[in-house]
Amino acid sequence: MTMIYPDFQNRDAEYLSRIIREEIEKHKAEIKEIKAIPIEKATFTNTVLALEESGKELDLHTSVFFNLLHCDADDDFMRISEELTPLLSDLNNEISMDIDLAKNIERVYTNEFDNLTGIDKRLLQRTYEGYRDRGAFLEEKKREELKSLRKELSLTTLKFGQNVLKEQNDYTLMITERSIISRLPSSAIEVAEEKAKEKSLDGYLFDFSFPSYMAIMKYCDSREIREQMYRDRQRLCFDADKETDNTTIVFKIVELRKQIASLLGYQTYADYVLKERMAKTKENVLKMLDDLYDAYIGLAREEVKTVEEFAHRATYAPLPQGQTLMPWDWSYYAEQYKVETLHYDEEETRPYFALDKVMKAMLSLAEELYDISFMPNDTLTKYHKDVDIYEVKSRDGADVGILMTDFFPRKGKQSGAWMTNYVEAYGDIRPVVSLVMNFTPPTSGTPSLLTFDEATTLFHEFGHGLHGLLTKVKYASLSGTNVVRDFVELPSQIMENWMRSPEFVKSFATHYITDEPISDELLSAIERNALFLEGYACIRQLNFGYLDMAWHMGKSEELETRDIELLETTVGERTALMPRVPGGCISTSFSHIFNGGYAVGYYGYKWAEILDADAFEEFATHGLKDKATATRFKTFILEQGDSEDADLLYKRFKGKDATVTALKRRSGLKI
């Protein structure tokens, strides 16, 4: 096995830009050689395999550049990304829509497909399908039009993401009176105070990073401040007077996607995307969303009613009689309800989930399940001081890959949590995987402490990491997490189930000061809380899924009038659990579908949740650390990448197709 590690000693934007430009030219030369092969001499080895193995250095440096753009960017990175994106888009179009390459690949597909086996056959299939679906076989005029549209789409989605990052970085909410935030967690107050001091300000500075935003929404007694922060967040990139407004960009992205689909012969962009997914059709997606809606809407409405009734008698800042529960009230009163009625205070979980202990438990679990080890490495260069690095090895000492972790918010880093690859696995090259979070950082006197939900998020992203690390597929385009979108969340979401298992949590959760084990009472409260908002959480996710589909399913009055608020109001009418607030929207900052690869894919979270609940019942039945079950999951899911269709891989693990029964059972619904 061979390790390739990014050169973070030379990581400034100008340097990376120069290297990327050089590698673009080298890659063009590689492609020229492959194209020069006469069609009658084209083979799997000299054409398809050669194409797969070309451009590896370019892949490495572009991966470094764009990953740093998302997690440690400055103005130079943003400026240069706008220069590099059209160059890379042109290159991608030039290669993926080259008619000579396409004809050679088609000949190989016709002549050799039936003679190949295993992963070679899959690579040929995916390569041919890729050229077909990109439009390489269209007439020249349409190919050129597609190239132009895709280039424009790349630049437009990049601009969308940059606008969101800029507004997130620029936003601050300054509070000068401590009494207003007196019930916030002490860690959130300390961080806010330190942020203010960094700007030479007296008071407490809050922003849109998740820990900061949620601290206000859950614990700030001032309804006016909660409303202000909520409205400000809803207006992110939704202000025509600002250069960072994304309103026009959203419609442009949707229109470009629609034009691309039309040129390729599809009625809608949803039809184009879904043909290769597990769901296959938009009708199947909508049926899944509708089925879950029918199952969960009653529970969700009952939960909201319960919280609203409680809000009028709440201990802290009760909702005045006659006033309606609003979106900025939800987290605040739901949190009080949990404390007073469910006897669950999320902040009470924080002392038991010190980041270092959660990491140790999580890595130990993976070691036991999958026969691997994680060893800290302090010799490899980091791109930021907050990053930690682990060498991952198999039980026999062979290299599995490198895991990097980057856990704390900072300027130039996008909000949220994600897993990414710096190096994809291929041949004997092992992957370099990174987990990126935005947890509350440690202070001078306190380690980084996670809530139970934050710890669960870490397990989720680690599941993606395992998927990327444990792959045994020898071709990069098919390895690790390079699977269909509605399957990719299975390895991540199944990891959350261990955090829902009191037996496992109790094995490591101890108070960071006293080392006292987490109590059975708190574990029971966590379990009650997990069940309490199952309905609300499901309907909220369905709303995002319906919205994603609405943007990409074709013509509608709202799309024609270019009215985002009208579209979101219409789509969200069924799923609305509280009054809609005018003057704001989700779409202009909905990075998942307009900049993050989840277009016509947000439904995949719920699709994969059906899979993960069904799959985890194998562990629940045979044991949380059952080796036979873990080996099957590793062998048929984590190691396989896109070597076969996802539904076949799942059936190999489980023995049958998944049903929604396990998810309903986990949610406490009647079966």
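Being a predicted model, the structure only gives us computed values, none of them experimental.

## Some thoughts on the overall build of the chain
In terms of regular secondary structure, the chain is built from 29 helices and nine strands. The C-alpha atoms of the chain give 25 Å as radius of gyration, which agrees with the globular expectation for 671 residues (26 Å, within 12%). The dimensions of the chain, computed from C-alpha atoms along their principal axes, are 80 × 60 × 55 Å. In the chain, buried positions account for 58% of the 671 residues. Within the chain, residue pairs in contact and separated by at least 24 positions form 73% of the contacts whose partners lie at least 6 positions apart. For the chain, the accessible area works out to roughly 28200 Å², and carbon and sulfur atoms hold 48% of it.

## Some thoughts on the domain arrangement of the chain
Annotation of the chain at the domain level lists domain 1 (2-137), domain 2 (140-159 + 246-326 + 533-670), domain 3 (171-235) and domain 4 (349-518). Taking only C-alpha atoms into account, the centre of domain 3 sits 28 Å from that of domain 4. The partner domain 4 presents 10 residues to the seven residues of domain 3 that form the contact. Both sides together, the interface formed by domain 3 and domain 4 hides about 690 Å², and carbon and sulfur atoms give 63% of it. Contact with domain 4 buries area across many residues of domain 3, yet Ser187, Val191 and Pro211 alone supply 49% of it, more than any other trio. Our enumeration of links across domain 3 and domain 4 arrives at zero salt bridges. Across the contact surface, domain 3 and domain 4 share one residue pair in polar contact (both at pLDDT 80 or more). Tallying contributions element by element places helix 8 (residues 186-198) first for the side of domain 3 that touches domain 4, with four residues.

## Let's talk about the nonpolar core
Within the largest apolar cluster, 171 residues are counted, with the highest numbers of intra-cluster contacts made by Phe353, Phe374, Leu458, Phe487, Trp498 and Trp551. Sort the elements by how many residues they give to this core and helix 13 (residues 282-311) lands first, with 12 residues. Excluding its chain neighbours within four sequence positions, the residues that come into contact with phenylalanine 487 are Met278, Leu611, Ile637, Ala646, Leu649 and Tyr650. The next biggest cluster of nonpolar side chains, apart from the first, holds 56 residues, and it includes Leu16, Leu91, Ile105 and Tyr128.

## Quick notes on the pattern of salt bridges
Enumeration according to the criterion identifies 57 salt bridges in this entry. Put simply, glutamate 454 and arginine 350 hold a salt bridge, and the shortest N to O gap is 3.5 Å. In this pair, glutamate 454 is assigned in helix 17 (residues 452-469) and arginine 350 in the loop between helix 15 (346-349) and helix 16 (355-370), connecting sequence segments 104 residues apart. The class of arginine 350 is buried, set by a relative accessible area of 9%. The salt bridge involving arginine 666 is made with aspartate 612; its shortest N-O contact spans 2.8 Å. Of this pair, arginine 666 sits in helix 29 (residues 661-666) while aspartate 612 sits in helix 26 (residues 604-622), and the two are 54 residues apart along the sequence.

## Observations regarding the layout of surface pockets
By volume, the second largest pocket is sized at about 780 Å³. Looking at the second largest pocket, it is lined by 28 residues, and the ones nearest its centre are Lys195, Glu198, Pro409, Arg410 and Lys411. Mapped onto the lining of the second largest pocket, the elements with two or more residues apiece are helix 7 (140-170) and helix 8. Taken together, the residues of the lining of the second largest pocket break down into nine nonpolar, eight polar and 11 charged.

## Here's the deal with the packing of aromatic side chains
Enumeration according to the criterion identifies 38 aromatic pairs in this entry. Pairing tyrosine 337 with phenylalanine 532 gives two aromatic rings, centres 5.0 Å apart and planes at 20°, and the pair type is stacked. On the criterion of sequence distance, the pair formed by tyrosine 337 in helix 14 (residues 327-340) and phenylalanine 532 in helix 21 (residues 520-532) is long-range, its members being 195 residues apart. The exposure classification of tyrosine 337 matches that of phenylalanine 532, with both residues buried. Feature note: the residues Phe353, Phe452, Phe459, Phe504 and Phe508 constitute an aromatic cluster, connected by ring pairs. Just above the ring of tyrosine 426 sits the side chain of lysine 56; from NZ or CZ to the centre is 4.5 Å. The ring of phenylalanine 208 has arginine 233 sitting right over it, with the charged end atom 5.8 Å from the ring centre.

## Observations concerning the packing of helix 9 (residues 210-219) against helix 10 (residues 223-234)
Their axes nearest at 9 Å, the elements helix 9 and helix 10 cross at an angle of 140°. By the angle between their directions, the pair helix 9 and helix 10 is classed as oblique. Between helix 9 and helix 10 lies a crossing whose hand is left-handed. Contacts between helix 9 and helix 10 involve Tyr213, Ile216 and Met217 from the first element and Ile225, Arg226, Met229, Tyr230 and Arg233 from the second. Counted by class, the contact of helix 9 with helix 10 contains six nonpolar, no polar and two charged residues.

## Brief notes about the environment of histidine 343
Mapped onto the elements, histidine 343 comes out in the loop between helix 14 and helix 15. Along the chain, histidine 343 and isoleucine 99 lie 244 residues apart, while their C-alpha atoms are 65 Å from each other. Discounting chain neighbours no more than four positions away, the residues touching histidine 343 are Lys338, Ala525 and Arg528.

## Section: the packing of helix 26 against helix 28 (residues 646-654)
One way to put it is that helix 26 packs onto helix 28 with a least axis distance of 10 Å and a crossing angle of 25°. On the basis of their axis angle, the class for helix 26 and helix 28 is roughly parallel. Of the two elements, helix 26 crosses helix 28, and the hand of that crossing is left-handed. In this structure, helix 26 uses Leu611, Asp614, Ala615, Glu617 and Glu618 to contact helix 28, whose residues at the interface are Tyr650, Phe653 and Lys654.

Quick notes on the rules
- Residues numbered from 1 in each chain as written.
- Predicted model: local features only at pLDDT ≥ 70, side-chain atom pairs only at ≥ 80, totals over all residues.
- Heavy atoms only, no water.
- Helix = DSSP H or I, 4+ residues; strand = E, 2+ residues; numbered from the N terminus.
- Rg over C-alpha atoms; globule rule 2.2 N^0.38 Å.
- Buried < 20%, exposed > 50% of the residue type's maximum accessible area, 1.4 Å probe, protein only.
- Contact = heavy atoms within 4.5 Å.
- Areas by Shrake-Rupley, 256 points an atom, 1.4 Å probe, with all protein chains shown as cover.
- Domains from an automatic or database assignment.
- Buried area = accessible area lost by both parts, 1.4 Å probe.
- Salt bridge = Lys/Arg side-chain N within 4 Å of Asp/Glu carboxyl O.
- Polar contact = N/O pair within 3.5 Å; in protein donor to acceptor, adjacent residues only side chain to side chain.
- Core = buried A, V, L, I, M, F, W, Y, C linked by side-chain atoms within 4.5 Å.
- 1 Å grid on protein atoms, 1.4 Å probe; cavity = no way out; pocket = protein on both sides within 12 Å on 5 of 7 lines; lining within 4 Å.
- Points joined across faces, edges and corners; volume = space filled by probe spheres on them.
- Nonpolar A, V, L, I, M, F, W, Y, C, P; charged D, E, K, R; others polar.
- Phe/Tyr/Trp six-rings, centres within 6.5 Å; stacked < 30°, edge-to-face > 60°.
- Lys NZ or Arg CZ within 6 Å of the ring centre and 35° of its normal.
- Axes fitted to C-alpha atoms, helices over the stretch in contact; angles between N-to-C directions.
- Parallel < 35°, antiparallel > 145°, perpendicular 65-115°, else oblique.
- Left-handed = near helix turned anticlockwise from the far one by under 90°.

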